[in-house]
Structure formats: structure tokens, C-alpha cells
Amino acid sequence: MKIAVTGANGYIGERFIKRALASGYEIIAYSRQRPESARCDWIPYELAADRPPDLPLDTDAVLHLATGKAPESENDSVQDLNAMEQLITAARKVNARLVFVSSQTARPDAPTAYGRSKWRIEQRVLSTEGRVVRPGQVYGGSERGLYGTLVESVRRLPVLPAFVPAPRVQPIHVDDLCDGLLRIAERNDLQSGVFHLAAPRPVSFSGFLGEIARTRLRCRRWFVPVPVIVVNAFAAIAGESLRSRLGLERLRSLFDLPVMSTAADLELLGLTLRPLRSGMHRSGHDAGRRLLLEGRSLLAYVLAAPSGSVLLRRYVRVINELRDGKALALPDFIVQWPMLLALIDGNDLGTAGANEFRWRLDAATILAEATTQGAQRFLGLGYRHGFLLSLLGMVRAVASEISWRIVGILLSPVIRIALLRSQEGRS
């Protein structure tokens, strides 16, 4: 399948081309400068061109990602509208599907010229049986576009605004968006229309920034409440130049962002989005972090104390080599309080996921036994106790065992169900 891509060097375009080429698609890049990838053809492209771009006769789809600078008035969007007209003409000439990546802010009465401009372009695309995509807050990958701006702001500012009332965004990892765009471009059975691609559940904008700080940058940031009404009042009295320099137009778009209903489109495309915390890692997933948390939890349980780093690395190496590196989906409360595993240790959980949990608990025990820390824990080596201390130790052990058995009768069914459900959710 051959796809023509405008905006090939942009934040989304660059990522899309890499994923498409890796999946066996043939790509023709349309951009002002040659893309880094030498595996795709390149044709120089300008939004301001006064003639339709040349598309090969065997082009199957055109993905339009290129856009001019954010318009500050209706007149500023003329270039984008003309560019779309040229693309429509070119796509019709070779009978290729047209896919336009729009904006969540698009609507006829949007508070900004940007949102109104996107809506007008959408209407033109839909009038020619084209397909429109409204992505949510794109994140992940290289720090470019609006995502790069947000990451840089979080990196530089120790204190960030928490707008009140809290605007909400619907994140989507850039790779998940690219997968969705590929499916929309390739499928013949899809009707013309608007496709909404984003997480079904919105998160607060400050929560999104906080996740950038915690997971992407591994730092702590403080949030100060800022009333939206104050920002809007300042934007109303500020001139266009000041609003542009301070990014107030973008804030107005953020405050007015509608919540999109995305579940039906995600299901139609067979698209499952990765969790925000997982995608916010530089690798695009948090498999390594989850495996470390699993090892730390199981080893802390069998040793009744935090494990050393050497033992933890051994556990991770064993899982990587014998279990393909996939981490268990341990509930958060078990990760935080590993001793709760004592309430289900020894019970027959009776599922494949539970058997895998048992295998890993046994592996953690065997690895721990082969360490000095394990020898002290399991055999009591290295400790010297008198008769009285030994007696007190035995009394404490018996009392602890009785207490845990009583608590286990009450709580083990709850923990068992939570563990099994988390395994089913991961599978």
C-alpha cells in the first residue's frame, strides 16, 4: 500500500513514517526538506504552492499533517484552506483516500481562529467523502510540537499553574495515534466521517503535567491554583501581540476543550491505548519499571525486608531470560505492602495467572536463599541469642502467626480476587 504524507518532518509525521515503513507500507514524503529516513521517496512540498502536488497514479491514500502557523484571525487560515483544495484535487485525480488530521478544538463557534479554521477545513474534506481525525493531547516520543513545549515548561518551572476549574485533556501516545492513522488510511470499509482518537477518560491538565514531571523528567513540581476567570480577563485586555507572546490563545483553547466520546471509534479500529503512565516513559512503555517493582515486592515479602540491588538485578535477569521479561500485574496495594502476600501464600488460586505468580514467588525464594541476607532470614545464621531472647522470639512468632491467620480468614478472599483480576486485566 502506498501512502503520501504531508508534514513528513513534523512531530507526528516523522513518527508515522517510521512505523509505516516498519510495517511494510510504501511512503512518499511531502515536505520542504528531505526526511531523515532514506527508505521513503521525497517530493518537495509547500503549503503555499499554487498548484496541486504530483501524486503517483498508484497512491492509495493521502495523509495530510502539514499545517501553517496558528492563525490569529480568519484571514490567516486562507493558506491552509487553499492547500487542502490543492490536495483534494490531487487525490481525486489518482482516486486516493484523503485523511486529514484536524484538532480537538475544531468547531464552528470555537473561541479561537485556530479551532474555527480547522472546522472549515474539516467540512471541505467531508464534502469530498474524506476522513477526518481529531486526536486528543498527543504525547510521547521525541519532545516536539505542543508536547515538547509542555515538557520544556515542566523542566524549567519549579511551580506550575493548576487552573480552576480544571481543564481536562484526553491523552494519546504518538505511536498509538500513528497506528490509528494507518488503520484509517488502509481500511476500505470505513465510511467518510470524523474519527476521535484519544483516551476515553479525560485527566486534568495539571495531572497531565504532573505525570510529565514524575515519569518523564523524574522530578517534583508544585502546583499553585490559578482561576481561569482571571486568565480570561487578562487575555481580554491584552493586545494581540501580548496574547501571542504569552501563549494565551492556546490557554483559551485549553479552557474550552470539549470532551470527546472516543470509545466507539477505538473499538471500530481495534485500537487499545497504552496507559498514560506507561506511555510517558522515554521508551514508550514501563515494562522495566514494572518488573523492578514486582521483584522488589516479592523479594521484600520472602525476606521480610528490602532486598539488595544485586539480588534485585538477579531476579530481573531470571524473568527476562525465562519469562520473556513480562511483569506480573500486581495490585498497587501489594506493591506498597508486600507483607499482604502472606494472606494468600499457600492458597490454591487455581488459574494460569495464579500459577505464574506462584512460579515467580518460588523463584524469588530460591534466589533469596542463595544470599547472605537470605541465610540470615531463613536459617538465622549470624545471630547469637540467649535463652530468654530465643524464648521471646518464639512467643512473638507464634503470636504473629495466630494474628496473620485471623486476618487471613477475613482478607484473603479480597486479596485473592484483586490479584486474579489484575492478572486477567493484564492478559
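Residues numbered from 1 in each chain as written. Predicted model: local features only at pLDDT ≥ 70, side-chain atom pairs only at ≥ 80, totals over all residues. Heavy atoms only, no water.

1. Topic: the domain arrangement of the protein
How big an interface is tends to be reported as the loss of accessible area on association of its parts. Note the cut-off: Throughout, the edges of the domains are those of an automatic or database domain assignment.
Looking at the assigned domains, one finds that the protein contains domain 1 (2–280) and domain 2 (286–425). Domain 1 and domain 2 are separated by 45 Å when their C-alpha centres are compared.

2. A closer look at the pattern of salt bridges
Between side chains of opposite charge, pairing is possible as soon as their charged atoms come close. Note the cut-off: Salt bridge, as applied in this entry: a Lys or Arg side-chain nitrogen positioned within 4 Å of an Asp or Glu carboxyl oxygen. Under the scheme used here, helices are H or I runs from DSSP no shorter than 4 residues and strands are E runs no shorter than 2 residues, and both carry numbers assigned from the N terminus. Partly exposed describes any residue whose relative accessible area lies between the buried limit of under 20% and the exposed limit of over 50%, with all areas from a 1.4 Å probe on protein chains only and scaled to the type maximum.
Per the stated rule, a full pass over the model turns up 25 salt bridges. For Asp179, the salt bridge identified is with Arg19, shortest N-O distance 3.0 Å. Within this pair, whereas Asp179 is found in helix H5 (residues 174–186), its partner Arg19 is found in helix H1 (residues 11–22), the two being separated by 160 residues in sequence. You can call Arg19 partly exposed: its relative accessible area is 27%. Linking Arg277 and Glu211 is a salt bridge whose minimum nitrogen-to-oxygen distance equals 3.3 Å. Of the two residues, Arg277 is situated in helix H11 (residues 276–279) and Glu211 in helix H6 (residues 205–216); the sequence distance between them amounts to 66 residues.

3. Structural notes on the packing of aromatic side chains
Definition in use: Aromatic pairing here means that ring centres of Phe, Tyr or Trp (its six-membered ring) are within 6.5 Å. Orientation follows from the plane angle: under 30 degrees is stacked, over 60 is edge-to-face, and everything else is tilted. A ring has a charge above it when a Lys NZ or an Arg CZ is no more than 6 Å from the ring centre and no more than 35 degrees off the ring normal.
The final tally for this structure, using the stated rule, is five aromatic pairs. Considering the side-chain rings of Tyr30 and Tyr45, the 6.2 Å spacing of their centres and the 90° angle between planes classify their relative orientation as edge-to-face. Of this pair, Tyr30 sits in strand S2 (residues 26–31) while Tyr45 sits in the loop between strand S3 (41–44) and strand S4 (61–64), and the two are 15 residues apart along the sequence. Judged by relative accessible area, Tyr30 falls into the buried class, the value being 2%. Residue classification places Tyr45 among the buried positions, given a relative accessible area of 9%. Between Phe163 and Phe255, the aromatic rings sit 5.0 Å apart at their centres with planes inclined by 75°, giving edge-to-face as the arrangement. Note that Phe163 is positioned in strand S8 (residues 159–164) and Phe255 in helix H9 (residues 248–255), a separation of 92 residues in sequence. Given a relative accessible area of 9%, Phe163 falls into the buried group. Grouping aromatic residues by their ring pairs yields a cluster made of Phe163, Phe205 and Phe255. The ring of Trp359 is capped by Arg323, whose NZ or CZ atom sits 3.8 Å from the centre of that ring.

4. Thoughts on a nonpolar patch on the surface
Put simply, the rule reads: Within the patch definition used here, like charges are joined within 9 Å and nonpolar side chains (Val, Leu, Ile, Met, Phe, Trp, Tyr) within 5 Å, considering only residues with over 30% relative accessible area and no salt bridge. Each accessible area value is a Shrake-Rupley result obtained with a 1.4 Å probe; residue values ignore everything except the protein chains displayed when judging cover.
On the surface, a cluster of nonpolar side chains totalling about 840 Å² of accessible area is made up of Met339, Val398, Ile402, Trp404, Ile406, Val407, Ile409, Leu410 and Leu411. In this fold, Trp404 is placed in helix H17 (residues 387–426).

5. As for helix H7 (residues 228–237)
Rules: By construction, the arc corresponds to the directions joining the helix axis to the C-beta atoms. The contact criterion used throughout is that any non-hydrogen atoms of two residues lie within 4.5 Å.
Restricting attention to buried positions, one finds in H7 the residues Val228, Val231 and Ala235. In an axial view of H7, the angular spread of the buried residues amounts to 65°, which keeps them on one side of the axis. Seen from the open side of H7, the exposed residues pointing more than 90 degrees away from its buried face are Ile229, Ala236 and Ile237. Packed against the buried residues of H7 are S8, strand S13 (222–227), helix H8 (240–246) and H9.

6. Details of the nonpolar core
Keep this limit in mind: For the purposes of this section, nonpolar cores are sets of buried Ala, Val, Leu, Ile, Met, Phe, Trp, Tyr and Cys residues that join through side-chain atoms within 4.5 Å.
Grouped together as the largest cluster of nonpolar side chains are 60 residues, with contacts concentrated most on Ile3, Phe16, Ile27, Leu63, Leu197 and Ile212. With seven residues, H5 is the single largest residue contributor to this core. Not counting residues up to four positions away in its chain, the partners in contact with Leu63 are Ile3, Ala4, Val5, Thr6, Phe16, Val99, Val101 and Leu181.

7. What about the environment of Leu126?
Here Leu126 is to be found in helix H3 (residues 113–126). Along the primary structure Leu126 and Ser192 are separated by 66 residues, whereas in three dimensions their C-alpha atoms are 6.6 Å apart. Once residues within four sequence positions are removed from consideration, Leu126 is found in contact with Val132, Ser192, Gly193 and Val194.

8. Points about the packing of helix H12 (residues 287–303) against helix H13 (residues 309–322)
To keep things clear, this is the line we draw: Note on geometry: axes are lines fitted to C-alpha atoms, helical ones only across the stretch in contact, with angles between N-to-C directions running from 0 to 180 degrees. Note on angle classes: values under 35 degrees are labelled roughly parallel, values over 145 roughly antiparallel, values of 65 to 115 roughly perpendicular, and the remainder oblique. In this scheme the crossing of two helices becomes right-handed for a clockwise turn of the near helix relative to the far one and left-handed for an anticlockwise turn of less than a right angle. Only Asp, Glu, Lys and Arg are considered charged in this grouping, and only Ala, Val, Leu, Ile, Met, Phe, Trp, Tyr, Cys and Pro are considered nonpolar; every other residue, Gly among them, is considered polar.
Two elements in contact, H12 and H13, have axes separated by 9 Å at closest approach and are oriented at 120°. In terms of axis orientation, H12 runs oblique to H13. The interaxial crossing formed by H12 with H13 has right-handed handedness. Contact residues: Leu291, Leu292, Glu294, Gly295, Arg296, Leu298, Leu299 and Leu303 in H12; Leu311, Leu312, Tyr315, Val316, Ile319 and Asn320 in H13. Each residue belonging to the contact of H12 with H13 can be placed in one class, and the counts come to ten nonpolar, two polar and two charged.

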